[in-house]
There are 2 protein chains.
Amino acid sequence: MAGSPSVSEREQRVLGIIETARAKRGKFKDPQITMAHGAGGKATQSLIEGLFVPAFANDSLSSMADSGIVSVLGGEVALTTDSFVVKPIRFPGGSIGELAVNGTVNDLAMAGAKPLALTLSLILEEGLSAEDLRAEVKAIADTAAAAGVNVVTGDTKVVERGAADSMYICTTGLGLVDGRAKLSPAALRPGDRILVSGRIGDHGTAIMLARGEFELDADIRSDTMCLWPTVDALLDAVGPSLRCLRDATRGGVASVLNELARASRVAMLVREAKVPVHPAVAGAAEILGIDPMYVANEGKLVAIVAPDAADAALEALRAAPGGEEAAEIGECKTEPEGMVLVETAFGGKRVMDQLVGDPLPRIC
Amino acid sequence: MAGSPSVSEREQRVLGIIETARAKRGKFKDPQITMAHGAGGKATQSLIEGLFVPAFANDSLSSMADSGIVSVLGGEVALTTDSFVVKPIRFPGGSIGELAVNGTVNDLAMAGAKPLALTLSLILEEGLSAEDLRAEVKAIADTAAAAGVNVVTGDTKVVERGAADSMYICTTGLGLVDGRAKLSPAALRPGDRILVSGRIGDHGTAIMLARGEFELDADIRSDTMCLWPTVDALLDAVGPSLRCLRDATRGGVASVLNELARASRVAMLVREAKVPVHPAVAGAAEILGIDPMYVANEGKLVAIVAPDAADAALEALRAAPGGEEAAEIGECKTEPEGMVLVETAFGGKRVMDQLVGDPLPRIC
């Protein structure tokens, strides 16, 4: 197509990047684990696709969602697990204990499953103050109560001073798959609309600022919250027209869209100007050279809905708790298959690729 | 009773210890977390009874078993979770990956639940070699396949060099409660028999020797194995006469018996001479001043059975994989309520109390 008058130089560059990206498969060849393997981007994907999926081959795992579905007693339950290693453990708007509950119930909600029960496994560093532990136990209990789930069993391990960073929490959630939910990346079709449930990037930015590593001061709070009420409202409003859901945690909205585009083989086009971002988050991101689309959220979801249900879905999102700024940010396309493009505020297009490094370690 | 000719001096001492022990409640008052809080003994119990149970109050958690029971779809499923932080990660007879699977499916089995599915959450230290990770992923996959369960979902976090000790694994298991199982510490009655499914102390001793901290060399291998086939055989053989099951991991058989005695308010009498212990384990324990009754196992269970079912249960245990040396080691009594006594090889009695410190950290 080189030389064709209908293809601008910029578009050629985009096409070149697309070819390169397509050629990159999830192979795990690194000799050592690096922070990038935990960042939710390309390295994480190589670990999952190159090591875990082949090793544990089964239908549930291969679907690559954050929850596995188990058939039992004539129905379906969802299981999801997450370890939380966030640093610092308390930050504006939340703490590790709140994340550990909301992160896990949200993964269930994304599978269209109503959260039923949680398990709690703690890895504590010798010397952790009882006060810190009490505070997080209370945070976990309060957040679980707010989400309507019981912590039904637990485990505690203590490791020597220096063998953990104060405390790590692993929560696993059990949920009951809702009959109204028919969610799968395979359901995505060109023309489907891409919605977000509110403004993005608050959580990751709050963590970054709480670390005090930057000369920045802004009133940004983590958005940690339970998303089941939001999902329940969406299912009520549009039922089977809801194609797929993802909470935009590690790696942010950009990573989630890339994952869905790859899994569904549709293309996605995001209109940058439509993406709701708190001005302080946008400001901090600009100063730090980070795109808010890659910054973690802990109470925001991406919903892909059929075109004729987009308005009803958006209305439901906006009426849900914390959803005032929900927005339609783009749509699914046919080409380039498996890729995410972003239309900038100036009308140009660029590839919104997977995260390569790890701009913000220990964010959730 | 002092001076009464029918009470020997030794018995008086035992009674004194009993009174002291009864007065000790599970209160969490320590200012900091110590290794003892993860050792499965008194400090762990104070954390559970003094902090977790009040915070997360619900029926399932209050039963203090290793699994929580959740009612769903008209039936009951069991959930259990465990973090594995063992050091070293590979040792004679097994590795952290095998433990992570067997430890979790065994907790389900102890609830009379057939293991259905596992979730896997990894906390990896930056710099972990890919070779070590590959080896453990393979160990997990092979052990899960042997136990007949799928790993249905997972999570990976990476923490900075020095913020973990190579790798920690959190596995959560989902099981289907078997209709034949009516297991509860509340079912224990004076006269019930105490059985173990084989020789004890192998796992903890293998770990201890693998650390190379002691000038001891002995061919002792971890006993890590899946106990569901054993439980299945027991349920087949004696059904509802099986009162309660526990796998004797952290804190060993002694801790499990203390937990059951406290929960059921029966007394227990263990006949030391009947407890099967590998001569090399007994030798190592003697040199190190550790009682094998307190040493961790990863493939042994304690079963409490009704008196008239004891022979059939023992036969079933001996026919199960790895059960050749299964034995009846004692019985439940009326007094002293909630306590465990041991009849030594010389005919004396002493209190087999809960573990106070932590003789062997990072054992499972």
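Structure: see above.
Only a predicted model underlies this, so the values are computations on that prediction, with no experimental measurement involved. (Residues numbered from 1 in each chain as written. Chains lettered and ligands numbered in written order. Predicted model: local features only at pLDDT ≥ 70, side-chain atom pairs only at ≥ 80, totals over all residues. Heavy atoms only, no water.)

### Topic: the packing of helix α2 (residues 42–55) of chain A against helix α5 (residues 130–147) of chain B
Move 1: Their axes nearest at 9 Å, the elements α2(A) and α5(B) cross at an angle of 30°. In terms of axis orientation, α2(A) runs roughly parallel to α5(B). Together, Leu47(A), Leu51(A), Phe52(A) and Ala55(A) of α2(A) and Leu133(B), Arg134(B), Val137(B) and Ala141(B) of α5(B) make up the contact between the two elements.
Move 2: Residue classes in the contact of α2(A) with α5(B) are distributed as seven nonpolar, no polar and one charged. (Axes fitted to C-alpha atoms, helices over the stretch in contact; angles between N-to-C directions. Helix = DSSP H or I, 4+ residues; strand = E, 2+ residues; numbered from the N terminus. Parallel < 35°, antiparallel > 145°, perpendicular 65-115°, else oblique. Contact = heavy atoms within 4.5 Å. Nonpolar A, V, L, I, M, F, W, Y, C, P; charged D, E, K, R; others polar.)

### Focus: the interface of chain A and chain B
Move 1: Contact residues are listed per partner, giving 77 residues for chain A and 77 residues for chain B.
Move 2: Interface area for chain A against chain B, summed over the two sides, is near 6,400 Å², with a carbon-plus-sulfur share of 67%.
Move 3: Remark: the boundary between chain A and chain B carries six salt bridges.
Move 4: Of the charged contacts, one joins Lys157(A) and Asp82(B) as a salt bridge, the two residues approaching to 3.3 Å between their closest N and O atoms.
Move 5: One can count 27 residue pairs in polar contact (both at pLDDT 80 or more) joining chain A with chain B.
Move 6: At the level of elements, α2, α3 (59–62), β1 (67–72), β2 (75–84), β5 (113–125), α5 (130–147), β6 (150–159) and β7 (167–177) of chain A are the ones that each hand at least two residues to the side of chain A that touches chain B.
Move 7: For the side of chain A that touches chain B, the element with the most residues is β6(A), which contributes 10 residues.
Move 8: Looking at side-chain class alone, the side of chain A that touches chain B contains 41 nonpolar, 22 polar and 14 charged residues. (Buried area = accessible area lost by both parts, 1.4 Å probe. Salt bridge = Lys/Arg side-chain N within 4 Å of Asp/Glu carboxyl O. Polar contact = N/O pair within 3.5 Å; in protein donor to acceptor, adjacent residues only side chain to side chain.)

### Quick word on the sheet that holds strand β6 (residues 150–159) of chain B
Residues and elements named next belong to chain B.
Move 1: Strands sit in the order β1-β2-β7-β5-β6 across an open sheet of five strands; the sheet is mixed. Each of the sheet's edge strands pairs with one partner strand only, and the pair in question is β1 (67–72) and β6. Taking the axes of each pair of neighbouring strands and ignoring which way they run, one obtains an average angle of 20° across the sheet.
Move 2: Here 11 bridges tie strand β5 (residues 113–125) to strand β7 (residues 167–177), and the two strands are oriented antiparallel to one another. Bridged to Ile123 within β7 is Tyr168. (Pairing = 2+ DSSP bridges.)

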